[in-house]
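This is what each chain is made of:
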Amino acid sequence: MAERSESMDLRDGYTYDPIIKGADTTFWAAITGILSVASNKLRFNADRHASYLQHLYGDYIFRANIPTNPAASDDRIIGLRIPAAPTVGSVYFEWDSDAVFSAKSYDNFGNLKKTTIAWDSDWSGSEVDYRIRWEKDRIQFHVNGVIKATHDDRIGTTPLPIDIKNVNADNLDIGSVEVRHAKSII
């Protein structure tokens, strides 16, 4: 049997399935709130959690139910970023307090690239695939299989945890998180 580094997970990918793993506190670090499971989904209600596992590059599919159209009170994030340093190499979808849905990426020096994405009201209250393909030379943001943004600058190279944030007192539900072709680091 080959030796394995204790600081590196050499798997090609994984799927976090709440039906199997529940609200696993060995995977998720609580930033705010208490993660729960409802109807076999991770429920974020005025919560924020990040994975202990960090990732570099890869293909990420977040099966998420955003309950409403973007509104001025929103503060939601789904993607990869360091909670203590949110502008270092981050890649994520954001629903912000200006009722804007966008794709954001930062390079390692905090320089932002932002693309506003038109919201489709059919996405509200339905489980939708929010996908981030993070490569060395570009980042693509997809919603339900359609490319909504491509960033070919502002590409970070910092290992990042999965970060899911819903400051709102409503239910953002995650059906699963699929990670493919990522270098994962403990």
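Rules and cut-offs
Residues numbered from 1 in each chain as written. Predicted model: local features only at pLDDT ≥ 70, side-chain atom pairs only at ≥ 80, totals over all residues. Heavy atoms only, no water. Helix = DSSP H or I, 4+ residues; strand = E, 2+ residues; numbered from the N terminus. Rg over C-alpha atoms; globule rule 2.2 N^0.38 Å. Contact = heavy atoms within 4.5 Å. Phe/Tyr/Trp six-rings, centres within 6.5 Å; stacked < 30°, edge-to-face > 60°. Lys NZ or Arg CZ within 6 Å of the ring centre and 35° of its normal. pLDDT = per-residue confidence, 0-100. Core = buried A, V, L, I, M, F, W, Y, C linked by side-chain atoms within 4.5 Å. Buried < 20%, exposed > 50% of the residue type's maximum accessible area, 1.4 Å probe, protein only. Polar contact = N/O pair within 3.5 Å; in protein donor to acceptor, adjacent residues only side chain to side chain. Salt bridge = Lys/Arg side-chain N within 4 Å of Asp/Glu carboxyl O.

1. Observations regarding the overall build of the chain
Here is step 1 of the chain: A tally of helices and strands in the chain yields one helix and 17 strands.
Here is step 2 of the chain: The C-alpha radius of gyration of the chain comes to 16 Å, within 12% of the 16 Å expected for a compact globule of 186 residues.
Here is step 3 of the chain: A principal-axis box enclosing the C-alpha atoms of the chain has dimensions of 50 × 40 × 30 Å.
Here is step 4 of the chain: The contacts in the chain between residues at least 6 apart in sequence include a share of 63% that link residues at least 24 apart.

2. Considering the packing of aromatic side chains
Here is step 1 of the chain: One pass over the full model with this rule turns up 16 aromatic pairs.
Here is step 2 of the chain: An aromatic cluster is defined as three or more aromatic residues linked by ring pairs; in this entry it consists of Phe93, Trp95, Phe101, Trp119, Trp123, Tyr130 and Phe141.
Here is step 3 of the chain: A cation over an aromatic ring shows up here: Arg81 above the ring of Tyr92, its NZ or CZ 5.1 Å from the ring centre.

3. Let's talk about the confidence of the model for the chain
Here is step 1 of the chain: Confidence in the prediction for the chain averages 93 pLDDT; 94% of positions are at 70 or higher.
Here is step 2 of the chain: Confidence drops under pLDDT 50 across residues 1-10; counting only partners more than four residues distant or on other chains, this segment forms nine contacts.

4. Details of the nonpolar core
One broad rule of soluble globular proteins: the nonpolar side chains tend to lie buried together.
Here is step 1 of the chain: The biggest cluster of nonpolar side chains holds 41 residues, and the ones touching the most others in it are Tyr130 and Trp134.
Here is step 2 of the chain: Those residues in contact with Tyr130 that lie beyond four places of it in its chain are Tyr60, Ile61, Phe62, Ala64, Ile66, Phe93, Trp95, Phe101, Trp119, Trp123, His142 and Val143.

5. Things to note about unusual backbone geometry
Here is step 1 of the chain: In this structure, Asn40 takes a positive phi of about 65° despite not being glycine.
Here is step 2 of the chain: One can find Asn40 in the loop between strand 4 (36-38) and strand 5 (41-44).
Here is step 3 of the chain: Asn40 sits in the partly exposed class, given a relative accessible area of 45%.
Here is step 4 of the chain: In this model, Asn144 sits at a positive phi of 50°, which is unusual for a non-glycine residue.
Here is step 5 of the chain: By secondary structure assignment, the location of Asn144 is in the loop between strand 13 (139-143) and strand 14 (146-151).
Here is step 6 of the chain: By relative accessible area, which is 43% here, Asn144 ends up partly exposed.

6. Considerations on the side chain of Thr158
Here is step 1 of the chain: Looking at where Thr158 falls in the secondary structure, it is placed in the loop between strand 14 and strand 15 (160-166).
Here is step 2 of the chain: A relative accessible area of 18% places Thr158 in the buried class.
Here is step 3 of the chain: A polar contact is formed between the side chain of Thr158 and the side chain of Asn108, at a distance of 3.0 Å.
Here is step 4 of the chain: Ignoring anything within four residues of it in the chain, the contact list for Thr158 reads His55, Leu56, Ile82, Val88, Asn108 and Trp134.

7. Some details on the pattern of salt bridges
Here is step 1 of the chain: Applying the stated criterion across every chain yields a total of 18 salt bridges.
Here is step 2 of the chain: Where Asp173 meets Arg43, a salt bridge forms, and the shortest distance between an N and an O atom there is 2.8 Å. In this pair, Asp173 sits in strand 16 (residues 172-180) while Arg43 sits in strand 5, placing the two residues 130 residues apart along the sequence.
Here is step 3 of the chain: By relative accessible area, Asp173 is classed as buried at 10%.
Here is step 4 of the chain: Where salt bridges share partners, they join Asp59, Arg63, Asp129, Arg131, Glu178 and Arg180 into one cluster.

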